[in-house]
Amino acid sequence: MPTHQSLSGTSDDDLLQRMVKTHPERYGDAYWKFFDAHVAPRLPSRPTMIDLGCGPGLFVRDLLQRYPAATLYGYDVTPAMIAHGRKLPSTGANTTLAVHDVTTQPLPLASGTVHLVAMSAVLHVIDEPWPVLAEIRRVLAPAGIFLLNDWVRQPLASYLAWRRDAMGESEAESQRRGFRLFPVHAKYTPDDWRWLLGKAGFVIHRETELRASHRVFVTTPSG
Ligand SMILES: C[S@@+](CC[C@H](N)C(=O)[O-])C[C@H]1O[C@@H](n2cnc3c(N)ncnc32)[C@H](O)[C@@H]1O
């Protein structure tokens, strides 16, 4: 399967550094305000939570700070990401970070036991989303939440300008990386995501665009 790295010509280390650098902006006040309003009220006080494609483990760390009694799992196919997460001082004994390819391996958790599966900027790189979405459904508790946060299509000109203005890339870099990554990041429209989630058996309770580039969906398994 082509990965984000192979599609973008980005090394694991470069992607890792970018994820770390942009984390505070991506998971800033607006994100947590949305989370507190539309996700937190659906979670028990001691939730079991997974960050699927967790990258450097910073969102897992953030969740643990908010839910110290939670059981947390972060899975990522890239060993360097998991190695970074394991070095974070604030991930505790109730946190498991493991190298895991969600396209080839079932999640090592019992069915119906997970209260939150978060997936951020990962599903768009996966060639065949159905088996992955089915696996997420399998592990979720009946009222468990699948929190999808992923790229949405925008016009090429806006996308290139966004790389320059929001990501701080130089004109040359935004063109070089932008033309290569546009087909990857412009894969799904908001309607495509809605259709995909519905077909995979998820009901959307809330959605928002905290940044013009990404859409967030709060969903639970239907029926
Ligand atoms: C753009 S990064 C996002 C990381 C993190 N979710 C965040 O928002 O900071 C995409 C991540 O998905 C991981 N990934 C890609 N394909 C995967 C797969 N098949 N199984 C598990 N992780 C995968 C990559 O290694 C990478 O860390």
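Residues numbered from 1 in each chain as written. Predicted model: local features only at pLDDT ≥ 70, side-chain atom pairs only at ≥ 80, totals over all residues. Heavy atoms only, no water.

Quick word on the overall build of the chain
Formally: By definition, any uninterrupted DSSP run of H or I lasting at least four residues is a helix, any uninterrupted run of E lasting at least two residues is a strand, and each is numbered from the N terminus. In this analysis, two residues are considered to be in contact whenever any of their non-hydrogen atoms come within 4.5 Å of each other. When charges are tallied, Lys and Arg are placed among the positive residues and Asp and Glu among the negative ones, while His and the ends of the chain are skipped. Think of each charge as sitting on NZ of Lys, CZ of Arg, CG of Asp or CD of Glu.
Helix and strand counts for the chain stand at nine helices and seven strands. Considering only C-alpha atoms, the chain reaches an extent of 45 × 40 × 35 Å along its principal axes. Across the chain, the fraction of contacts at a sequence separation of at least 24, relative to all contacts at a separation of at least 6, is 68%. One way to put it: in the chain the 24 positive side-chain charges average out to a point 3 Å from where the 22 negative ones average out.

Regarding the packing of helix α6 (residues 129–139) against helix α9 (residues 190–199)
For the record, the criterion: Here an angle of 0 to 180 degrees is reported between the N-to-C directions of two axes, which are lines fitted to C-alpha atoms, with helices fitted over the stretch in contact. For classification purposes, an angle smaller than 35 degrees is called roughly parallel, one larger than 145 roughly antiparallel, one from 65 to 115 roughly perpendicular, and anything else oblique. Crossings are assigned a handedness: left-handed for a near helix turned anticlockwise from the far helix by less than a right angle, right-handed for a clockwise turn.
Between α6 and α9, the shortest axis-to-axis distance is 10 Å and the interhelical angle comes to 55°. Of the possible angle classes, the one that applies to α6 and α9 is oblique. Read as a crossing pair, α6 and α9 show a hand that is right-handed. For the pair formed by α6 and α9, the contact residues are Pro-129, Trp-130 and Leu-133 on the first element and Trp-195, Leu-196 and Lys-199 on the second.

Looking at the site of the ligand
As a reminder of what qualifies: Note on terminology: near, applied to a residue and a molecule or strand, indicates that one of the residue's heavy atoms is within 4 Å of it. Pairing of N or O atoms within 3.5 Å defines a polar contact, subject to two protein rules: one partner must be a possible hydrogen donor and the other a possible acceptor, and residues neighboring in sequence count only if both atoms are side-chain atoms. For accessible areas, the Shrake-Rupley method is used with a probe of radius 1.4 Å. Any residue's cover is judged against the shown protein chains and nothing else.
Taken together, 19 residues lie near the ligand, and Arg-26, Gly-53, Asp-76, Thr-78 and Asp-101 sit nearest. At a separation of 2.7 Å, a nitrogen atom of the ligand approaches a polar backbone atom of Gly-53. Here an oxygen atom of the ligand sits 2.6 Å away from a polar atom, N or O, in the side chain of Asp-76. Protein chains bury 97% of the 600 Å² of accessible surface belonging to the ligand in isolation.

Some details on the pattern of salt bridges
Heads up, the rule is: Think of a salt bridge as a Lys or Arg side-chain nitrogen and an Asp or Glu carboxyl oxygen that are within 4 Å of each other. Remark: exposure states derive from per-residue accessible area (1.4 Å probe, protein chains only) relative to the maximum for the residue type, with buried under 20%, exposed over 50%, and partly exposed in between.
If you walk through the whole model with that rule in mind, you get 15 salt bridges. Among the salt bridges present, the one from Arg-18 reaches Asp-14, with a minimum N-O distance of 3.7 Å. One end of the pair, Arg-18, and the other, Asp-14, are both in helix α2 (residues 12–26), four residues apart, so they sit about a helical turn from each other. On the accessibility criterion, Arg-18 (18% relative accessible area) is buried. Asp-14 sits in the partly exposed class, given a relative accessible area of 30%. For Glu-135, the salt bridge is made with Arg-138, and the minimal N-O distance between the two is 2.7 Å. On the criterion of helical spacing, the pair formed by Glu-135 and Arg-138 is a turn pair, its members being three residues apart in helix α6. The exposure class assigned to Arg-138 is partly exposed, which follows from its relative accessible area of 29%.

Points about the sheet that holds strand β3 (residues 95–99)
Rule in force here: For two strands to count as paired, DSSP must find a minimum of two bridges between them.
With mixed pairing, the seven strands of this open sheet are ordered in space as β3-β2-β1-β4-β5-β7-β6. The sheet is open, and its two edges are formed by β3 and β6 (202–211), each paired on a single side. Going across the sheet, the axis of each strand differs from the next one's by a mean of 15°, ignoring polarity. Where strand β1 (residues 48–52) and strand β4 (residues 114–120) come together, three bridges link them in parallel fashion. Counterpart to Met-49 in the pairing with β4 is Leu-116. In the packing of helix α3 (residues 29–38) onto the sheet, the strands contacted are β4, β5 (140–151), β6 and β7 (214–221), and the crossing angle to β6 comes to about 155°.

Things to note about helix α5 (residues 79–87)
Rule in force here: The arc in question is traced by the directions running from the helix axis to the C-beta atoms.
All buried positions along α5 are accounted for by Met-81, Ile-82 and Gly-85. The buried side chains of α5 occupy one side of the element, clustering within an arc of 95° when seen end-on. Every exposed residue of α5 that faces more than 90 degrees away from the buried side is listed here: Arg-86 and Lys-87. Residues of α5 that are buried in the fold lie against α2, β2 (71–76) and β3.

Quick word on unusual backbone geometry
The backbone of Ala-121 sits at a positive phi, close to 60°, despite the residue not being glycine. Structurally, the position occupied by Ala-121 is in the loop between β4 and α6. Among the residues examined, Ala-121 registers a relative accessible area of 24% and is labelled partly exposed.

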